[in-house]
Amino acid sequence: MNDKKKSYVLPIAMMFALFAMISFVTGLSNPLGVIIKNQPGVQNWMSQLGNFANFLAYLFMGLPAGLVLKRKGYKFTALSAIAVGFIGVGIQLISGLMPYEKGDNFLPVFSVYLTGAFVSGFSMCMLNTVVNPLLNTLGGGGKKGNQLIQFGGSINSLAATIVPILGGYLIGDIARASLRNAVPALLIAMGIFAVAFLVLLMVRIPEPHMEKKVEKAAVKDKYSAMSFRHFILGTVAIFIYVGVEVGIPNFINLFLTAPEAGGTTGMAMDAGAAGTVVGTYWFLMLIGRFLGGAIGGKIAAKTQLAFVSSLAIILVVAGIFIPSSISVSMPVFLADISFGMQVVPLSVLLFVLCGLCTSVMWGSIFNLAVEGIGKYTAMGSGIFMVMVVGGGVLPLIQGAVADITVSYMASYWVVAAGLVYMLWYALIGSKNINTNIPVE
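Cut-offs used in this document
- Residues numbered from 1 in each chain as written.
- Predicted model: local features only at pLDDT ≥ 70, side-chain atom pairs only at ≥ 80, totals over all residues.
- Heavy atoms only, no water.
- Axes fitted to C-alpha atoms, helices over the stretch in contact; angles between N-to-C directions.
- Helix = DSSP H or I, 4+ residues; strand = E, 2+ residues; numbered from the N terminus.
- Parallel < 35°, antiparallel > 145°, perpendicular 65-115°, else oblique.
- Left-handed = near helix turned anticlockwise from the far one by under 90°.
- Contact = heavy atoms within 4.5 Å.
- Phe/Tyr/Trp six-rings, centres within 6.5 Å; stacked < 30°, edge-to-face > 60°.
- Buried < 20%, exposed > 50% of the residue type's maximum accessible area, 1.4 Å probe, protein only.
- Lys NZ or Arg CZ within 6 Å of the ring centre and 35° of its normal.
- Polar contact = N/O pair within 3.5 Å; in protein donor to acceptor, adjacent residues only side chain to side chain.

Colleague: Lay out the packing of helix 11 (residues 301-321) against helix 13 (residues 361-370) with the relevant residues and their values.
Modeller: Relative orientation and spacing of two packed helices are given, respectively, by the angle between their axes and the distance between those axes. Taken N-terminus to C-terminus, the directions of helix 11 and helix 13 make an angle of 140 degrees; their axes are 9 Å apart at the nearest point. In terms of orientation, helix 11 lies oblique with respect to helix 13. Crossing geometry of helix 11 relative to helix 13 is assigned as left-handed. Residues Ala-301, Lys-302, Gln-304, Leu-305, Val-308, Ser-309 and Ala-312 of helix 11 form the contact with helix 13, whose participating residues are Met-361, Ser-364, Ile-365, Asn-367 and Leu-368.

Here is the structure:
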């Protein structure tokens, strides 16, 4: 039994590495969104189009990714995802190398960037389809499965912490920044993909859910993951959660870097300083996921989700009502892996603290949604990935609210509404009422 557990160490480590890749590439849309927002004629909602393109790919690739996983297995799916990701980031790199000056037509450059973000999204969807069910399976499901997902999420948060800080320093002077400033970060991402592909090629991955050839002649199953009410409601929760997780830091960045006058007003903060604040949000997610991983084997996912959703609602609503003129000095995570102090509005500090809450939501929702669905887990993971498109949709809505109300603070009502649904799911919607369906 011990030998069997030891044989899972390398696959688990590889899944943790893939978690980091997902975060690094997805997180690039945050600092790039700040660059895009500061191009002539770009509104808040348009600054989220790169993020939207990245997550829109989940809508198209979620189900196919589940089919590939079921028929070809974890390793083939992961290798394919890495190859697609390399191409997607490469296209984004081309947009950064295209000749462009302030005042030029931004559409050609923007179109290439959005294409690259969309292709990268296919890769992120496929990788997510692999890492979550495999970690849940290697942990034996239940609390242990949730614990592994939380630890994997900690690695995800570490990469997410680095991206906005790196992006902020690369942007430099916001008024003069262009996508060319992002070229170093994109080259780093391509290098990560190349190394990961070579390493994964040599790693042996267990294939617990791969469809056997003899199953092709079997009678079509009349049930699916969508036969479970708690799974369906869980996919809605994931749609909302990813939008909340992404929207909170994205609009912190926009608010801090926006000018103090003209359009939607902000704090006119240096991009590098704002990046450290946003990076601290992701750092708190890292801390929260470590804590979630440590206690995940003792506290049920339902309890975790209910508690953090309630706390996040309090923080967000308080942040909306507190005047921006009230400032505090908060510790921020710096690029040299040290801490400094940064003066920010108190409302921003409260939004940043939400990182502790969002940190354990993904693992808790996934665990609650797939609990008790057995053999439908692989395809269920693919369906789950479709709903990750919420990470692109909700920030677009949040951006539209900011444009309509001319207030970044008012846009956070979108976040608050999403948190209320997640609290309801934890307390009521997550109950499995379809226990009569055979899952072996």
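Additional details are given in the paragraphs that follow.
Colleague: Talk me through the packing of aromatic side chains; I want residue IDs and the actual numbers.
Modeller: Tallied over the full model, the rule gives 13 aromatic pairs. Between Phe-110 and Tyr-113 the ring centres are 6.3 Å apart and the planes differ by 15 degrees, which places this aromatic pair in the stacked class. Within this pair, Phe-110 and its partner Tyr-113 are both found in helix 6 (residues 107-138), separated by three residues, close to a single helical turn. Each of the two residues, Phe-110 as well as Tyr-113, counts as buried. An angle of 80 degrees between the planes, with centres 4.9 Å apart, marks the rings of Phe-118 and Phe-122 as edge-to-face. Taken together, the residues Phe-118 and Phe-122, both in helix 6 and four residues apart, mark about one turn of the helix. You can call Phe-118 partly exposed: its relative accessible area is 24%. Directly above the ring of Phe-76 sits Lys-72, whose terminal nitrogen or CZ lies 5.8 Å from the centroid.

Colleague: Break down the side chain of Ser-430 for me, with residues and values.
Modeller: Structurally, Ser-430 can be placed in the segment after helix 16 (412-429). Under the relative-accessibility criterion, Ser-430 is labelled buried at 9%. In terms of polar contacts, Ser-430 uses its side chain to reach the backbone carbonyl oxygen of Ala-426, at 3.3 Å. Once residues within four sequence positions are removed from consideration, Ser-430 is found in contact with His-230, Lys-302, Leu-368 and Tyr-425.

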